[in-house]
Amino acid sequence: MPKIFFDSLSKFYRTTGKTIKVLDSITMGFPERGIIVIAGKSGVGKTTLIQIIAGLIKPSFGSVFIDGVEISRLAAYELAWFRRKKIGFKPQTPVLINQLSVLENVALPLLLNYVDRDMAYKAAKELLEEFELSERIYHKPTQLSGGEYERVSVAQTIIGNPPIVILDEPTAHLDLETSKKVANIIRRKQREIDNLYIITTIEESLIEDADSIFYLINGKLYDKSFK
Ligand SMILES: Nc1ncnc2c1ncn2[C@@H]1O[C@H](COP(=O)(O)OP(=O)(O)OP(=O)(O)O)[C@@H](O)[C@H]1O
Ligand SMILES: [Mg+2]
């Protein structure tokens, strides 16, 4: 079985008087490693799909398997452990901890995994330098621009090198040049670790650099692998 496998995955949202069908019985596997881009127009269900993969919401029908484990059947404590070990997730609207500095926010995933303090801060500093944020490491999140906040959140998500990194629109608040730089960092990190990135985006530089691209159209996922 592939690393990530969807078996008749469906998701409906029911609101007053109306049912929205977002994912419609998707059965397919994802590549084991590399960069996967999920593209599709606004409101089509990209965020829904990756939230299901990350175990944040449950399917209406069908299942998602990650490394052979059906994640929607895990108990809350098993899911928490599974996510901490396997998944890095940056939501479309990321949330940093306001009381901590940029440096502390980025080092946090390492500290939570018992990495030595000095090593964690050193790694966070180096990564923030790659994101051209060396001048902002002692700022609090409220003292950042939107694009800086976004980059800090991406750094926080990838620093621990999780086996599966999921980024919901990592460059939505960035100009073209900065987007390209972020795309380059993502590519370099992916090559270094040989892990799996799942990225929703409409950004050309991220799409161009992907190993696989999937389009979400009318509840179905279409594989447009081009490499
Ligand atoms: N909790 C919810 N309850 C009801 N409807 C929802 C809910 N979450 C999302 N939707 C609807 O489901 C559809 C898919 O939303 P989703 O956020 O997955 O789209 P998206 O492809 O990520 O869009 P965007 O590119 O704008 O981020 C949208 O039409 C949205 O209005
Ligand atoms: Mg979205």
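Up top is the structure these notes are about.
Residues numbered from 1 in each chain as written. Chains lettered and ligands numbered in written order. Predicted model: local features only at pLDDT ≥ 70, side-chain atom pairs only at ≥ 80, totals over all residues.

(A) Representation of the site of ligand 1 in the model. Contacts to ligand 1 come from 13 residues, most closely from Tyr13, Ser42, Lys46, Thr47 and Thr48. For the shell around ligand 1, the secondary-structure elements that each account for two or more residues are β1 (4-15), β2 (18-30) and α1 (46-53). With three residues, the single largest contributor to the shell around ligand 1 is α1. Its residues assigned to classes, the shell around ligand 1 shows four nonpolar, eight polar and one charged. (Near = placed C-beta within 6 Å. Helix = DSSP H or I, 4+ residues; strand = E, 2+ residues; numbered from the N terminus. Nonpolar A, V, L, I, M, F, W, Y, C, P; charged D, E, K, R; others polar.)

(B) Geometry of the sheet that holds strand β4 (residues 61-66). Strand order in the open sheet formed by four strands is β2-β1-β4-β5, with antiparallel pairing between adjacent strands. Strand pairing shows two members of the sheet lacking a second neighbour, β2 and β5 (69-70), which therefore form its edges. Pairing geometry for β1 and β4, over five bridges, is antiparallel. Its bridge partner being in β4, aspartate 7 is matched across the sheet by serine 63. (Pairing = 2+ DSSP bridges.)

(C) Focus on the sheet that holds strand β6 (residues 87-90). Across the sheet, six strands lie side by side as β6-β7-β8-β3-β9-β10; this open sheet has mixed pairing. Lying at the two open borders of the sheet, with one neighbouring strand each, are β6 and β10 (220-223). Direction aside, the axes of adjacent strands within the sheet are offset by 20° on average. The pairing of β6 with strand β7 (residues 164-168) spans four bridges and is classified as parallel. Each residue of the ladder has a partner; that of isoleucine 87, found in β7, is isoleucine 164. Contacting β6 and β7, helix α5 (residues 146-158) crosses the sheet at an angle of about 170° to β6. Together, β3 (34-39) and β8 (196-200) form the strand contacts of helix α6 (residues 176-193), whose direction differs from that of β3 by roughly 135°. (Axes fitted to C-alpha atoms, helices over the stretch in contact; angles between N-to-C directions. Contact = placed C-beta atoms within 7 Å.)

(D) Inspection of the packing of helix α3 (residues 102-112) against helix α4 (residues 117-130) at higher detail. Where α3 contacts α4, the two axes come as close as 8 Å, and the packing angle between them is 125°. Overall, the two elements α3 and α4 adopt an arrangement that is oblique. The hand of the α3/α4 crossing is right-handed. Packed against α3, whose contacting residues are Val102, Leu103, Val106, Ala107, Leu110 and Leu111, the element α4 presents Arg117, Ala120, Tyr121, Ala123, Ala124, Lys125, Leu127 and Leu128 at the interface. (Parallel < 35°, antiparallel > 145°, perpendicular 65-115°, else oblique. Left-handed = near helix turned anticlockwise from the far one by under 90°.)

(E) Local environment of unusual backbone geometry. A positive phi angle is found at serine 25, which is not glycine, with a value near 50°. Among the secondary structure elements, serine 25 is positioned in strand β2. Residue classification places serine 25 among the partly exposed residues on the basis of 14 C-beta atoms within 10 Å. Not every positive phi belongs to a glycine, and aspartate 67 is a case in point at roughly 50°. For aspartate 67, the position within the fold is in the loop between β4 and β5. Looking at aspartate 67, the number of C-beta atoms within 10 Å reads 14, which means it is partly exposed. (Buried ≥ 20, exposed ≤ 12 C-beta atoms within 10 Å, placed from the backbone.)

(F) Examining the environment of threonine 200 more closely. In this structure, threonine 200 sits in strand β8. According to the C-beta neighbour criterion, threonine 200 is buried, with 25 such atoms within 10 Å. When residues no more than four places from it in sequence are discounted, the contact partners of threonine 200 are Ile38, Lys46, Thr47, Ile50, Asp168 and Glu169.

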